[in-house]
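Secondary and tertiary structure notes
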Amino acid sequence: MPDDRPLPRDRKARIAVLDDYMGVAHRMADWSRLEDRAELTFLTDPLPAGGVAKALAPYDAISLLRERTPIPGDVLRALPDLKAIAMTGRRNRTLDDETARDLGITVMTTEGSGNGIYATVELAWGHIIALMRCIPEENAAMHEGAWQTRLGSALYGRTLGLVGLGKLGSRMAGVAQAFGMNVIAWSPNLTSERATEGGAEYADKATLFAEADVISLHLVLGPSTRGIVGAEDLGRMKSDAILVNTSRGPLVDQNALLEALRTRSIRGAGIDVYDREPLPADHPIRDMDNALLTPHLGYATQETFRAFYGDCVDNLDGWLDGAPKRVLEG
């Protein structure tokens, strides 16, 4: 592997903080620690597709919020002056970190995620309760002067179907039990024993989609799980059931989901993640009145961002001193 790319000697280092969509990164950590040695730029707009390398060409280092702007190998190879990447999280599937290391770019990670593991589960339940009790519709009606326009459904006695029963899925199961729900679960490698340990009863995929009143996805996206929920699965759902996805958009066949919402073959969907992010303004799901949409807020909380950006500042501080911290090893 080549030696790390040296810092400039005749000027301050130029650092870009990417994907600061909400304009909050500057107050989530003490960036002033870097200002005597670096010029900081906070980029609040998504970088143009096909123009990432051009936009990042002026910078010596970048700070990445995990899984937002993709930084593949071809972009890295087009950035000969890039010397360091401070990314959030321990792994980032949208960064080609192997190529970065081969090019001599220092890649640094963060240790914690604040309450991220809890925050995503909380958001999923926010979607579930809002959809089951018609909260968005009733809120809109109240603002228009109306009173009691829709009748929602209680969770007690209903069945939650979990597609995925890892750390997040198991937390979902515990909350469901507190609500008095029945919990069933399926994933490609789940067994009855592991389902019981996670607080659920194992069901095969067809049974889960046919019997659950609420289906919530908690799988890691990979080659074997991309499109794992398709038209056949959605077609098995009850007409008054809901689907919630706070994991990754490509887990679900988007065209099949749009059709299910358009024809109202399911009651609705709560979606926080999408095939393309940020979601285009003209995407047809924005027109579905039975889709509750949030802009990938799963881990996006103040506590998580403070943990992420605090470590990023610490990492960049060390890198500027010639002693980078939390360096990602191959």
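I will try to describe carefully the structure that is included in this document. This is a predicted model, so every value here is computed, not measured.

Notes on the pairing of strand β6 (residues 159-163)
Counted residue by residue, β6 has 5 buried out of 5 residues, so it is predominantly covered. The alternating pattern of β6 places Thr159, Gly161 and Val163 and Leu160 and Leu162 on opposite faces, both of which are buried. In terms of strand pairing, β6 meets strand β7 (residues 182-186) through 5 bridges, oriented parallel. Bridged to Leu160 within β7 is Val183. As judged from the 4 bridges shared by β6 and strand β9 (residues 214-217), these two strands associate in the parallel manner. Bridge assignment links Val163 to a residue of β9, and that residue is Leu217.

Some details on the packing of aromatic side chains
Inspection of every chain in the model, using the stated rule, returns 6 aromatic pairs. Ring pairing ties together the aromatic residues Trp31, Phe42, Tyr299, Phe305, Phe308 and Tyr309, which thus form one cluster. When the ring centre of Tyr299 is taken as origin, the NZ or CZ atom of Arg66, which lies over that ring, is 5.6 Å away.

Structural notes on the side chain of Arg248
Considering the arrangement of structural elements, one finds Arg248 in the loop between β10 (242-245) and α10 (254-263). Taking the relative accessible area as the measure of exposure, Arg248 reaches 16% and is therefore buried. Not counting residues within four places of it along the chain, the set of residues in contact with Arg248 comprises Arg66, Glu67, Arg93, Leu221, Val273 and His296.

What to know about the pairing of strand β1 (residues 13-17)
Buried residues dominate β1, accounting for 4 of its 5 residues. Of the strand pairs in this sheet, β1 and strand β2 (residues 38-42) are connected by 5 bridges, and their pairing is parallel. The residue bridging Val17 from the neighbouring strand is Phe42, located in β2. Direction of pairing for β1 relative to strand β3 (residues 61-64): parallel, over a ladder of 3 bridges. Looking at the pairing, Ile15 lines up with Ala61 of β3.

Let's talk about the nonpolar core
Counting 32 residues, the largest nonpolar core has Ile215, Leu257 and Ile285 as the members making the most contacts within it. The element that contributes the greatest number of residues to this core is α10, accounting for 5 residues. Sequence-distant contacts of Leu257, that is, excluding residues within four places in its chain, are made with Leu234, Leu243, Val252, Ile266, Ala269, Ile271 and Ile285. Ala38, Ala300, Phe305 and Trp319 belong to the second-largest nonpolar core, a separate cluster that totals 25 residues.

As for the environment of Arg276
Inspection of the secondary structure assignment puts Arg276 in the loop between β11 (268-271) and β12 (291-293). You can call Arg276 exposed: its relative accessible area is 58%. Between the C-alpha atoms of Arg276 and Pro250, which are 26 residues apart in sequence, the distance is 8.9 Å.

Calculation notes
Residues numbered from 1 in each chain as written. Predicted model: local features only at pLDDT ≥ 70, side-chain atom pairs only at ≥ 80, totals over all residues. Heavy atoms only, no water. Buried < 20%, exposed > 50% of the residue type's maximum accessible area, 1.4 Å probe, protein only. Helix = DSSP H or I, 4+ residues; strand = E, 2+ residues; numbered from the N terminus. Pairing = 2+ DSSP bridges. Phe/Tyr/Trp six-rings, centres within 6.5 Å; stacked < 30°, edge-to-face > 60°. Lys NZ or Arg CZ within 6 Å of the ring centre and 35° of its normal. Contact = heavy atoms within 4.5 Å. Core = buried A, V, L, I, M, F, W, Y, C linked by side-chain atoms within 4.5 Å.

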